[in-house]
Amino acid sequence: MATAIVTGSAGLVGSETVRFLHDKGMDVIGVDNNLREYFFGPEGSTRWQAERLAAGMQRYRHFALDIRDQESMFRLIREHPISLLVHCAAQPSHDWSAREPGTDFSINAGGTMVLLEAVRQFAPEAVFIFVSTNKVYGDAPNHLPRVERETRWELDANHPYAARGIDESMGIDQTKHSIFGASKVGADVMTQEYGRYFGLKTGVFRAGCLTGPAHAGVELHGFLAYLVKCAVTRRPYVVYGYQGKQVRDSMHSADLVRAFWEFYCKPLPGEVYNIGGSRHSNCSIIEAIGRIESLSGFSVEYSMTDQARSGDHIWWITDVSKFMRDYANWKYTYTLDDILQELIDAVKTRAGRQRL
C-alpha cells in the first residue's frame, strides 16, 4: 500500500491533505510539532486538529518532529518508503516573519532543504509537492495599473492580467517580498531546482488565500477565517489600509488538495503553478464583510486604519489556466459563498463547544 508524508499535517492544508489521501487508501504519516502556537499563541494552536486526526483514522500516524531536524527527518524518510511527500509546514505570516527573520528562514527555506535532500537520498521516485505562496512575487502586483471602484480595486481592463488574473510570467526580482516572502522564494526555487537539476518529481504550488473550516485563523494569518471568527464571536476587526478595497481570491483547501492529487498522478518535474480562487472566487475585504453579514446574520464590528501592512497586495487574483491546461480533469467545487458558509458554521460549532 502506498505511503505519504504530510508536513504541517495539523494545519489547514495539511489536515485536508491527510484526510484526502487516507480516503484514497494511502497510509499517511503526519509531521507537525505545533509551532503555530509559538507563532500566534493559544488561538493559533493546531493540537486539537492533530488529536482529531490521530483518533479518527486507522492508517494515520503522527510524529511531532521539527522539519529542521535533519537527523530525525532523514530517519523518518529512510525508514518509511514513500511515494508522496506533501510539504505544507511553514512559518506562514509575513508580519510575524519580521520579528524573528532567522526563525522564519530556518523553517521555510532550511526545513524545505532538509526535506528535499531526504527525498533525494532515500525516496528519489517519490513525488514532492511544495505549498509555496503568491508572496514570492513580492509587491510587484501593486505596480499594476488599477481602477478604484466603489467596493474594490480592479485592474485596468486593458491589462493582460485583467481577464483571468496574474499568471506565472510575473517576475520575482526587484520587489519588496517581506521576510516571509523571501524565505519562501528560497524554498520555492530550490524545489524547482531539485526537479530540474536532480530530476526529482517536484511540483510548486504558489497559493493565494487558502481557507476552510479547519483554519485556525488569527489576526496575523488567515484573513477570511479570522474575519468570520470576529463576526461570529463579536470581536472587533481592524482593516489595515486601502479603505478595505484590497482584493484577494480565496480557495477552499479541499479544491487545492484535489489539485495535488492530479499532480501526484501525473507529475511534471520542476513545474510551477499559480493556484487560488481566480475570477471564480474573490472579494475585497469590504465585500467579504458584506457577504459574511448577509450569510450569518451577524454585524461585523470593524475599524479602519490608513497604515497598510508592509508588502501587502492591493489586488491579487490568480490565473489558474496553466494548471487547468495541464490537468484538464480538475475543477472548482466551492464558490466564495460556499467557503464563507462553511467557515461560519465551523466557528459557531467551535464557539459552542467552548461554552460547554
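Residues numbered from 1 in each chain as written. Predicted model: local features only at pLDDT ≥ 70, side-chain atom pairs only at ≥ 80, totals over all residues. Heavy atoms only, no water.

This part is about the sheet that holds strand 13 (residues 282-284). Spatially, 9-11-13 is the arrangement adopted by the three strands of the open sheet, whose pairing is mixed. In the strand order of this sheet, the two ends are held by strand 9 (209-211) and strand 13, each with one partner. Recorded for the sheet is a direction-independent mean angle of 40° between the axes of neighbouring strands. Where strand 11 (residues 247-252) meets strand 13, three bridges bridge the pair, whose relative direction is antiparallel. Bridge pairing in strand 13 links Asp249 to Asn282. Each of strand 9 and strand 11 is contacted by helix 9 (residues 253-265), which is oriented at about 65° to strand 11, the strand it contacts most. (Pairing = 2+ DSSP bridges. Helix = DSSP H or I, 4+ residues; strand = E, 2+ residues; numbered from the N terminus. Axes fitted to C-alpha atoms, helices over the stretch in contact; angles between N-to-C directions. Contact = heavy atoms within 4.5 Å.)

Before going further, it helps to examine the sheet that holds strand 4 (residues 84-87). Read across the open sheet, the seven strands follow the order 3-2-1-4-5-8-12; overall the sheet is parallel. What marks the edges here is a single partner per strand, and that holds for strand 3 (60-63) and strand 12 (271-275). Across the sheet, the mean angle separating the axes of adjacent strands is 20° when strand polarity is ignored. In the sheet, strand 2 (residues 27-31) pairs with strand 3 via four bridges, with the strands oriented parallel. Among the inter-strand pairings, Val28 is bridged to a residue of strand 3, identified as Tyr60. Its contacts with the sheet place helix 1 (residues 12-23) against strand 1 (3-7), strand 2, strand 3, strand 4 and strand 5 (127-133), and it is angled at close to 170° to strand 1.

Under the counting rule described, the total for this entry stands at 19 salt bridges. The partner of Arg235 in a salt bridge is Glu43, with the nearest N and O atoms 2.9 Å apart. Of this pair, Arg235 sits in the loop between helix 8 (223-232) and strand 10 (237-240) while Glu43 sits in the loop between helix 2 (35-40) and helix 3 (47-56), and the two are 192 residues apart along the sequence. You can call Arg235 partly exposed: its relative accessible area is 27%. Using a relative accessible area of 39% as the deciding quantity, one classes Glu43 as partly exposed. Between Arg152 and Glu287 there is a salt bridge; the shortest N-O distance is 3.0 Å. Note that Arg152 is positioned in the loop between strand 6 (146-148) and strand 7 (153-155) and Glu287 in helix 10 (residues 285-296), a separation of 135 residues in sequence. The class for Glu287 is partly exposed, based on a relative accessible area of 22%. (Salt bridge = Lys/Arg side-chain N within 4 Å of Asp/Glu carboxyl O. Buried < 20%, exposed > 50% of the residue type's maximum accessible area, 1.4 Å probe, protein only.)

Let's shift gears to the side chain of Thr191. Along the chain, Thr191 falls in helix 7 (residues 178-196). We classify Thr191 as buried; its relative accessible area is 0%. Non-local contacts of Thr191, meaning those with residues more than four positions away in its chain, are made with Thr112, Leu116, Phe128, Phe130, Thr202, Gly203 and Val204.

Here the structure, examined in full by the defined rule, presents 21 aromatic pairs. An angle of 75° between the planes, with centres 6.0 Å apart, marks the rings of Tyr273 and Tyr327 as edge-to-face. Here Tyr273, found in strand 12, pairs with Tyr327, found in the loop between helix 11 (321-326) and helix 12 (336-355); they are 54 residues apart in sequence, far enough to count as distant. With respect to burial, Tyr273 and Tyr327 carry one shared label: buried. Ring pairs connect the aromatic residues Phe205, Phe260, Phe263, Tyr273, Phe323, Tyr327, Trp330 and Tyr332, which therefore count as one cluster. Positioned above the aromatic ring of Trp153, the side-chain terminus of Arg146 is 5.0 Å from the ring centre. (Phe/Tyr/Trp six-rings, centres within 6.5 Å; stacked < 30°, edge-to-face > 60°. Lys NZ or Arg CZ within 6 Å of the ring centre and 35° of its normal.)

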